[in-house]
Amino acid sequence: MPSLLPVVDSHAAAPRVHLTGANLLRFLAVLAVIYSHISFYLIDDLGTGWWAIDVVHRSLIEVGGLNQHLSFLGVAIFMMLTGMLITRSAIRHEPGHFLLNRLGRILPAFWVAIFAAIVLVRLGINGMFSGQEGVSNVEAALSFVLGGFFLKPEVAVLGVTWTLAVQVLFYFSCVAARPVLRSVPIAMPMAGAAICSLILLYNIYVPQPYAVPMLSKIAATLPAVFLGQILYLAWARLADNRWIVVALIAQVEVIRLATDFRVYWAGNHYLWTFFVVTLSVVLIGRYNGPAAHWAVIRWTATRSYAIYLVHTLVLYRVYETAVGPFGATGAVVAFLVVTALVSEALYRWVEIPSTRWVAALAERMRRRSALAKEGSPPPRVASNHVLVRRPSGSSLR
């Protein structure tokens, strides 16, 4: 029986899509995330304001139709870039190498940031990002593996890191679905939409003691990742246009379901936010004009992960200290300067060394694997299976 979905060559290399505007998108995502937390803090926590918040509110919220505080805008951009950039890597790399590359690059800086958050909480400098007054040893240990987000009530020493749970789940999903990605790749985001819908329905209808709220948050965020994956498959011509449309509709329905049942946390304009982000990625993703190469864009983009990890660690105390002598604008500037310095330190002293170490380890593993294959006898081919041997020296990057 012929397959309803078009099957691609499982051994064909996924083509590269040059996202020359990726740094500009990361820059915009960083601005949106930082603005969001400043706005939440000044408006919701302190009950004050700032002229820049008034400008953004009038232009992007009242006129532009986005959510209050630009909620989820920056996160959605980061997640969409994850889906676009990681899908190709998952198709081309062996599962072990893929997970080593991905986890090895995000975990060291994450662990340093979590350690700093725990120390700041226990010294009384920072508070928790959840309702507790402090963090126990067990809760601290769980925080290093994102386990605190799955407790009830949730325990968060560094609230922004919940997005890493979405990313890590997507990484492992790509590994589990690798045969599908290499044969019928469009099936993964379609199946992902179905699973996300089931998770949302489960948490909505099961008795409260059996619900896992964090799973709903993940399920409501994954459509951004899957939309990025769909864009990559479309640009790489790994799926027919009709199935691209079907996969897009599936993600829209997940977003509508999450909005209807109030899974999102700041308004009901999330479908519009997804549309704005998707359109922005399509228009900017392959932009290669002067702005894509400005030094400030490149600096912010390369340090975007470090900025994401540390900015809420320094925001509240720096603003609280600086607002008296310098006013709101001066306090925001002071916060940005401290965030830049701390992010630079995390990037230079943690991210770069760990990335080099992971790259060297991956290269050693690749060479050992290649030598083992050269020294082993040709494998026997089972019936109804065709062995495709890659030419010597071919790359899976």
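Owing to the predicted nature of the structure, the values given are computational and were not obtained by experimental measurement.

A tally of regular secondary structure across the protein gives 13 helices and 0 strands. Counting from the amino terminus, helix and strand elements in the protein follow one another as α-α-α-α-α-α-α-α-α-α-α-α-α. For 397 residues, the compact-globule formula gives about 21 Å, and the C-alpha radius of gyration of the protein, at 22 Å, lands near that figure. Once the C-alpha set of the protein is aligned to its principal axes, its extents read approximately 75 × 50 × 45 Å. For the protein, buried positions account for 49% of its 397 residues. In the protein, the share of contacts with a sequence separation of at least 24, taken over all contacts with a separation of at least 6, comes to 77%. Of the roughly 19900 Å² of accessible surface on the protein, 65% is carried by carbon and sulfur atoms.

With that settled, consider the packing of aromatic side chains. Aromatic ring pairs are described here by two measures, namely the spacing of the ring centres and the angle between the planes. One pass over the structure, following the stated rule, counts 18 aromatic pairs. Arranged with centres 4.1 Å apart and planes meeting at 10°, the rings of Tyr-264 and Tyr-270 form a pair that is stacked. Members of the aromatic cluster, connected to one another through ring pairs, are Phe-72, Trp-162, Tyr-264, Trp-265, Tyr-270 and Phe-274. Taking the ring centre of Trp-265 as reference, the NZ or CZ of Lys-217 above it sits at 5.2 Å.

Right, let's talk about the pattern of salt bridges for a bit. Oppositely charged side chains can pair when the atoms bearing their charge come close. Throughout the structure, instances matching the rule amount to 6 salt bridges. The closest approach of N and O atoms between Arg-303 and Glu-344, which form a salt bridge, is 2.4 Å. Taken together, the residues Arg-303 in the loop between α12 (295–302) and α13 (304–375) and Glu-344 in helix α13 connect sequence positions 41 residues apart. You can call Arg-303 buried: its relative accessible area is 9%. According to the relative accessible area criterion, Glu-344 is buried, its value standing at 16%. Arg-317 serves as the salt-bridge partner of Glu-320, at 3.3 Å between the closest nitrogen and oxygen.

As a further point, take the nonpolar core. Of all hydrophobic cores here, the largest spans 126 residues; its most connected members are Ile-38, Val-157, Leu-158, Phe-170, Tyr-171, Ile-186 and Leu-222. Ranked by the residues each element gives to this core, the list is headed by α13, at 19 residues. Residues contacting Phe-170, with those up to four places away along its chain left out, are Thr-82, Gly-83, Ile-86, Thr-87, Met-188, Leu-222, Val-225, Phe-226 and Gln-229.

With that out of the way, let us pick up helix α1 (residues 22–45). An α-helical segment advances 3.6 residues per turn. Residues three or four places apart therefore align on the same side. Between its first and last C-alpha atoms α1 spans 33 Å; for 24 residues at 1.5 Å apiece the expected length is 34 Å, and the two agree. At the exit of α1 stands Gly-47, carrying a positive phi of roughly 70°.

Between helix α10 (residues 241–260) and helix α11 (residues 270–284), the least distance of the axes is 9 Å, while the angle of their chain directions is 145°. Counting all contacts with α10, which are made through Val-252, Ile-255, Arg-256 and Thr-259, the residues of α11 involved are Tyr-270, Leu-271 and Phe-274. Its residues assigned to classes, the contact of α10 with α11 comprises 5 nonpolar, 1 polar and 1 charged.

With that settled, consider unusual backbone geometry. Put simply, Lys-152 and Pro-153 share a cis peptide bond, and its omega is 0°. Within the chain, Leu-146 stands out as a residue other than glycine whose phi angle is a positive 65°. Exposure remark for Leu-146: the relative accessible area of 11% places this residue in the buried category.

Here α10 spans 29 Å end to end across 20 residues, near enough to the 28 Å set by a 1.5 Å rise per residue. Within the span of α10, buried status applies to Trp-243, Ile-244, Ala-247, Gln-251, Val-254, Ile-255, Leu-257, Ala-258 and Thr-259. Contacts from the buried residues of α10 go to α8 (187–205), α9 (213–235) and α11.

As for its position among the elements, Arg-102 is in helix α4 (residues 95–122). Put simply, Arg-102 and Val-63 are 39 residues apart on the chain and 39 Å apart in space, counted from C-alpha to C-alpha.

Once that is clear, we can look at the side chain of Asn-203. Mapped onto the fold, Asn-203 is located in helix α8. Within the local environment of Asn-203, its side chain forms a polar contact with the backbone oxygen of Val-212, the two atoms lying 2.7 Å apart. Leave out the neighbours within four places in its chain, and Asn-203 touches Ala-211, Val-212, Pro-213, Leu-215 and Ser-216.

A word on the environment of Ile-255. Along the chain, Ile-255 turns up in helix α10. By relative accessible area, which is 1% here, Ile-255 ends up buried. Ignoring any residue separated from it by four or fewer positions in sequence, one finds Ile-255 in contact with Pro-223, Tyr-264, Tyr-270, Leu-271 and Phe-274.

So, about the state of the cysteines. A complete count under the given rule lists 0 disulfides for this structure. Cys-196 provides the cysteine sulfur closest to Cys-174, a residue in no disulfide bond, and the two sulfurs are 13 Å apart.

The N-to-C vectors of helix α3 (residues 73–92) and α9 enclose an angle of 45°; their axes lie 7 Å apart at closest approach. With respect to α9, the element α3 is oriented oblique. Judged by the sense of rotation from one axis to the other, the crossing of α3 with α9 is right-handed. Every residue of α9 that contacts α3 at Val-75, Ala-76, Met-79, Met-80, Thr-82, Gly-83, Met-84, Thr-87 and Arg-88 is listed here: Thr-221, Ala-224, Val-225, Leu-227, Gly-228, Gln-229, Leu-231, Tyr-232, Leu-233 and Trp-235. The residue makeup of the contact of α3 with α9, split by class, is 12 nonpolar, 6 polar and 1 charged.

With that settled, consider a nonpolar patch on the surface. Together, Trp-272, Phe-275, Leu-279, Val-282 and Leu-283 line one region of the surface with nonpolar side chains, adding up to about 490 Å² of accessible area. Take Trp-272: it is sitting in helix α11. Classification of Trp-272 as partly exposed rests on a relative accessible area of 40%.

The rules we used
- Residues numbered from 1 in each chain as written.
- Predicted model: local features only at pLDDT ≥ 70, side-chain atom pairs only at ≥ 80, totals over all residues.
- Heavy atoms only, no water.
- Helix = DSSP H or I, 4+ residues; strand = E, 2+ residues; numbered from the N terminus.
- Rg over C-alpha atoms; globule rule 2.2 N^0.38 Å.
- Buried < 20%, exposed > 50% of the residue type's maximum accessible area, 1.4 Å probe, protein only.
- Contact = heavy atoms within 4.5 Å.
- Areas by Shrake-Rupley, 256 points an atom, 1.4 Å probe, with all protein chains shown as cover.
- Phe/Tyr/Trp six-rings, centres within 6.5 Å; stacked < 30°, edge-to-face > 60°.
- Lys NZ or Arg CZ within 6 Å of the ring centre and 35° of its normal.
- Salt bridge = Lys/Arg side-chain N within 4 Å of Asp/Glu carboxyl O.
- Core = buried A, V, L, I, M, F, W, Y, C linked by side-chain atoms within 4.5 Å.
- Expected span 1.5 Å × (residues − 1).
- Axes fitted to C-alpha atoms, helices over the stretch in contact; angles between N-to-C directions.
- Nonpolar A, V, L, I, M, F, W, Y, C, P; charged D, E, K, R; others polar.
- Polar contact = N/O pair within 3.5 Å; in protein donor to acceptor, adjacent residues only side chain to side chain.
- Disulfide = S-S within 2.5 Å.
- Parallel < 35°, antiparallel > 145°, perpendicular 65-115°, else oblique.
- Left-handed = near helix turned anticlockwise from the far one by under 90°.
- Patch = residues over 30% accessible without salt bridge, like charges linked within 9 Å, V, L, I, M, F, W, Y side chains within 5 Å.

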